[in-house]
Amino acid sequence: MNNFQFKRVSSQVAAIAELSKDPAAKLVAGGTNLIDLMKYGVMAPDKLVDVNHLSFDVIKKEEGSLHIGSTVRNAVAAGNADVLKYQPLLSQAMLAGASAQLRNKATMGGNLLQRTRCGYFYDISAPCNKRLPGSGCGALEGYNRMHAIFGASNSCIAVNPSDMNVALTALDAVILVSGPKGNRKIPISEFHRLPGTHPELDTTLDRKEIITGLVIPDNNFAAHTTYLKVRDRTSYAFALISVAVAMDLDGTTIRDIRLAMGGVAHKPWRLKEAEQMLKGKEATVENFKMAAELAMKGAKAYEHNAFKLKLAPNTMVQALKTASGVKA
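Residues numbered from 1 in each chain as written. Predicted model: local features only at pLDDT ≥ 70, side-chain atom pairs only at ≥ 80, totals over all residues. Heavy atoms only, no water.

1. Some points on the nonpolar core
Here is step 1: Core analysis: the biggest nonpolar cluster contains 35 residues, and Ile-68, Leu-90, Met-108, Leu-112, Leu-168 and Ile-175 have the highest contact counts within it.
Here is step 2: For this core, the element with the highest residue contribution is helix α9 (residues 163-170), accounting for 5 residues.
Here is step 3: Leave out the neighbours within four places in its chain, and Leu-90 touches Ile-68, Val-83, Met-108, Met-164, Ala-167, Leu-168, Leu-171 and Ile-216.
Here is step 4: Counting residues in hydrophobic clusters, the runner-up holds 31 residues, among them Ile-149, Val-243, Leu-271 and Ala-295. (Core = buried A, V, L, I, M, F, W, Y, C linked by side-chain atoms within 4.5 Å. Buried < 20%, exposed > 50% of the residue type's maximum accessible area, 1.4 Å probe, protein only. Helix = DSSP H or I, 4+ residues; strand = E, 2+ residues; numbered from the N terminus. Contact = heavy atoms within 4.5 Å.)

2. Notes on the packing of helix α12 (residues 285-295) against helix α13 (residues 308-324)
Here is step 1: Two elements in contact, α12 and α13, have axes whose closest approach is 9 Å; the angle formed by their N-to-C orientations is 140°. The angle between α12 and α13 falls in the class oblique. Where α12 crosses over α13, the handedness of that crossing is right-handed. Contacts between α12 and α13 involve Val-285, Phe-288, Lys-289, Ala-291, Ala-292 and Ala-295 from the former and Pro-313, Met-316, Val-317, Leu-320, Lys-321 and Ser-324 from the latter.
Here is step 2: Of the residues belonging to the contact of α12 with α13, the class tally is 9 nonpolar, 1 polar and 2 charged. (Axes fitted to C-alpha atoms, helices over the stretch in contact; angles between N-to-C directions. Parallel < 35°, antiparallel > 145°, perpendicular 65-115°, else oblique. Left-handed = near helix turned anticlockwise from the far one by under 90°. Nonpolar A, V, L, I, M, F, W, Y, C, P; charged D, E, K, R; others polar.)

3. A look at the sheet that holds strand β11 (residues 253-262)
Here is step 1: Pairing within the open sheet is antiparallel, and its 4 strands lie in the order β9-β10-β11-β12. One side of each edge strand has no neighbouring strand; the edge strands of this open sheet are β9 (225-230) and β12 (269-270).
Here is step 2: Here strand β10 (residues 241-250) runs beside β11; their pairing, made up of 9 bridges, is antiparallel. Considered in β11, the bridge of Ser-242 is made with Gly-262. (Pairing = 2+ DSSP bridges.)

4. Side note on the packing of aromatic side chains
Here is step 1: Tallying each qualifying case throughout the model produces 3 aromatic pairs.
Here is step 2: Note on Tyr-40 and Tyr-122: the rings are 5.2 Å apart at their centroids and 85° apart in plane angle, and the pair reads as edge-to-face. Separated by 82 residues along the polypeptide, Tyr-40 in helix α2 (residues 34-40) and Tyr-122 in helix α8 (residues 119-122) bring together distant segments of the chain.
Here is step 3: Within the aromatic cluster, the residues linked to one another by ring pairs are Tyr-40, Phe-121 and Tyr-122.
Here is step 4: Directly above the aromatic system of Tyr-86 lies the positively charged group of Lys-61, at a separation of 5.0 Å from the ring centroid. (Phe/Tyr/Trp six-rings, centres within 6.5 Å; stacked < 30°, edge-to-face > 60°. Lys NZ or Arg CZ within 6 Å of the ring centre and 35° of its normal.)

Next comes the structure, spelled out in structure tokens:
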């Protein structure tokens, strides 16, 4: 590991100032992703700016929304009474991620910025446009079992690894950020990027900005939510496919619904066409299968991940059945 400076800041202004004056500086809170990347030689920041002492560790229910600070630990958010009452899908997703030890350390802001677990990204001897722009994508012709089936490009077929991000996408969360030019709000649908020709850019966050928190608008989904994650083992494994379902039912009629998928794209994959198809329909297996078929439009598999073309719609149907209570 390269030598680096460690700077602890106690204010938002100081954190932004450190990022502004040092292009190689990186923020660190839980460090559950960044420290691994440093150990592997994937990232080598000259300075780490510790933001653990900023006042972003609050969860509060406000009129019309639930606010969660960026330094709140994942385990704390997953077990918070207001999260469980108003946004249980978020808790379900976070409890499906990582291990208990990592959830105790990882933060909400860090999870939003979590980088791909593509093996070619972590292997500094392999070509990877995300790690070294212009070097190529080893996964395209390599072992691509975990990789994208939506939104990929010839530059990158990696996927976003976060479970939390999938739930937040389904819940229309808004990310709160602050920088030298002031504060702004970024809808989560606009926060993460598809790879395009610049896969090294994971998000639309400016290098000098920091995440201060996130806001989830109130909804009527709490009674019918499911986060279903299919993985190689039931603990500490990243999703092959995951599906987040948040549903508002009037009897057996779907009044409103949100759907998002993980393990399939460079960003959490929102399934808006399937949502529109299901709104106003009866919660039936037949309708769920039709929606799943619609959701797969445009999917493209590679040599080792063709199984996802079947696993993804099957997972979606099962998640819909679980959320709605349909048994057949």
